[in-house]
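In case you want the letters, here they are:
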Amino acid sequence: MMARLFFSQLWAVLWKDIRYELRSKQTWIGMGMFALLVLVIFNFTFDLHASTVTSIAPGALWVAFIFASLLGLGRTVAAEREQGMLDRLLLTPVDRKAIYLAKLLGNLLFIGVVEIIALPVFAILFNLPIWQGTTLLALIPIVLLGALGIAAVGTLFSVMAATTQAKELLLPILVFPLVVPVVISAVRATTLLLVPSVNEPPWVGLLIAFDVIFLSVSTLLFQYIVEE
Amino acid sequence: MALANQLPDAKGQPVQRRQSAQGQSRWPLVSLILGGLTAITLSLSLWMIFFYTPVDALQGVTQRIFYFHVPTAWVGMLSFIILAVCGIIYLFKADERLDWLARAAAEVGVVFLTITLILGSLWGKPIWGAWWVWDARLTATLILWFMYVGYIMLRSYMGPGSEGARAGAVIGIIGAIDVPIIYLSVNWWRGQHPAAQLNPKGDLPPQAVITLLVALVAITLLYAFMMVQAYQLQRLQALAQQLRASVE
């Protein structure tokens, strides 16, 4: 009974965010264009040859994803704060964990959609061999797991940074250092898909472990930063 | 001060009177004793580092950086642990003094960690031939430094109040969990980087060990002395803000 209530609360908040975004479409389009432009800029900053592309491309992809994610995270929560919506949400008798998880799933959905769209474009622009066999099927879980790790920490800190004047500046400064383990394991897992190598730690397993740690700690701590 | 003594806290009790009375009587004495001990041990430590301990056969004079680098690194990390522990306790028991201690730990800790990074670079250039390598320890220390800076920036942007204190506590806790994970993941990422290079403790002569121990004690005392000062500063700042709020 409690679990059903929790999930119905979670779904209500999540569905509100999805409808809001479907009507405005600002965040999705903005993030998508941003990720694409980062990839284009990378094309000019690194001289990409067929021999170097597989070692550079995973890094380029993840830099684009991380920057785009932070842009989106900053926007979704800032909109809530500006309209005073978060305060009203907190007045309702909804479990704080449900609010956090709904916000997290909303952010993950935005980031995930952008990434899934950006991935084929990225493969075409960089001439990456991800179409062969199961590479693409293996790449999508890695991309989503990486997005989950970034969104777990990012959602928590975007709520924190949204109360300050310098939120756009503060969010990356707080989040970038914390997501280093997720970034390392996601980039290594992506690279290994393109260029297999021996004697590597199980990066996908580590990525899942980091996600679980960040997710549980953030879920537990969220209630303290929204409490009044 | 007279006005401060009349300020009630949230529960309407004159807590301020007790705190400021304690602060006036106890802290200057603690500060004086710590300051005196720091001056004595630090002078002894400087003499030992530059005259007592022998010159390293391989690294020469550069090796003496080690006696400053290790103690400052130790207190730089100790300070973040203090910050995180204060954060955990603060979330259960919202005591203002814990928050002052956490802020003091951040401000003093970042200074020591900055010195650690600079000294390490100065040592690395002649010994490793590079100012910086992306080793696990170096990377984790740099990330820790970023967390200190992020903490201080967030606190100054959020201003006084319990909201900022709770946000700071959350950063402290997540940071304390994250730094060991970063250390491990960089270690796996870099594979077998010569970590022993960083750790020239293997066959130190007894003089060097004693010098290092004295330096550790001296820098830890210096840290404690600075923590008392920074804590007092935080306390007085909070008091001044309360006074200003009561006037406005």
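Model, not experiment: these values are computed from the prediction.

Caption draft 1: Molecular detail of the overall build of chain A. Across its full length, chain A carries 9 helices and 0 strands. Of the regular secondary structure in chain A, the N- to C-terminal order runs α-α-α-α-α-α-α-α-α. Its C-alpha radius of gyration of 18 Å places chain A within 12% of the 17 Å reference for a compact globule of 228 residues. By principal-axis analysis of the C-alpha atoms, chain A measures approximately 55 × 35 × 30 Å. In chain A, buried positions account for 52% of the 228 residues. In chain A, the proportion of contacts linking residues at least 24 apart, taken out of those at least 6 apart, comes to 80%. Between the averaged position of the 13 positive side-chain charges in chain A and that of its 13 negative side-chain charges there is a distance of 9 Å.

Caption draft 2: Helix α4 (residues 96–128) of chain B, seen in detail. Residues and elements named next belong to chain B. Compared with the 48 Å implied by 1.5 Å per residue over 33 residues, the 46 Å span of α4 between its first and last C-alpha is a close match. If you check the start of α4, you find a side-chain oxygen 3.0 Å away from the backbone N of Arg97, and it comes from Asp95. Directly beyond the C-terminal end of α4, a positive phi value near 80° is found at Gly129.

Caption draft 3: Focus on the UniProt feature "transmembrane region" (unreviewed entry) in chain B. As recorded in UniProt, the feature "transmembrane region" (unreviewed entry) lies at residues 27–52, 72–92, 104–124, 136–154, 166–186 and 206–226 of chain B. A helix fraction of 100% and a strand fraction of 0% characterise residues 206–226 of chain B, whose end C-alpha atoms lie 30 Å from each other.

Caption draft 4: Main features of the pattern of salt bridges. Residue and element names in this part refer to chain B. Tallying each qualifying case throughout the model produces 5 salt bridges over all chains. The salt bridge involving Asp95 is made with Lys93; its shortest N-O contact spans 3.6 Å. Residue class for Asp95 comes out buried when judged on its relative accessible area of 15%. You can call Lys93 exposed: its relative accessible area is 51%. In this structure, Asp95 engages Arg97 in a salt bridge whose closest nitrogen and oxygen atoms are separated by 3.3 Å.

Rules used throughout
- Residues numbered from 1 in each chain as written.
- Chains lettered and ligands numbered in written order.
- Predicted model: local features only at pLDDT ≥ 70, side-chain atom pairs only at ≥ 80, totals over all residues.
- Heavy atoms only, no water.
- Helix = DSSP H or I, 4+ residues; strand = E, 2+ residues; numbered from the N terminus.
- Rg over C-alpha atoms; globule rule 2.2 N^0.38 Å.
- Buried < 20%, exposed > 50% of the residue type's maximum accessible area, 1.4 Å probe, protein only.
- Contact = heavy atoms within 4.5 Å.
- Lys, Arg positive; Asp, Glu negative; His and termini not counted.
- Charge placed at Lys NZ, Arg CZ, Asp CG, Glu CD.
- Expected span 1.5 Å × (residues − 1).
- Polar contact = N/O pair within 3.5 Å; in protein donor to acceptor, adjacent residues only side chain to side chain.
- UniProt positions renumbered as here; feature names shortened; annotations may be inferred.
- Salt bridge = Lys/Arg side-chain N within 4 Å of Asp/Glu carboxyl O.

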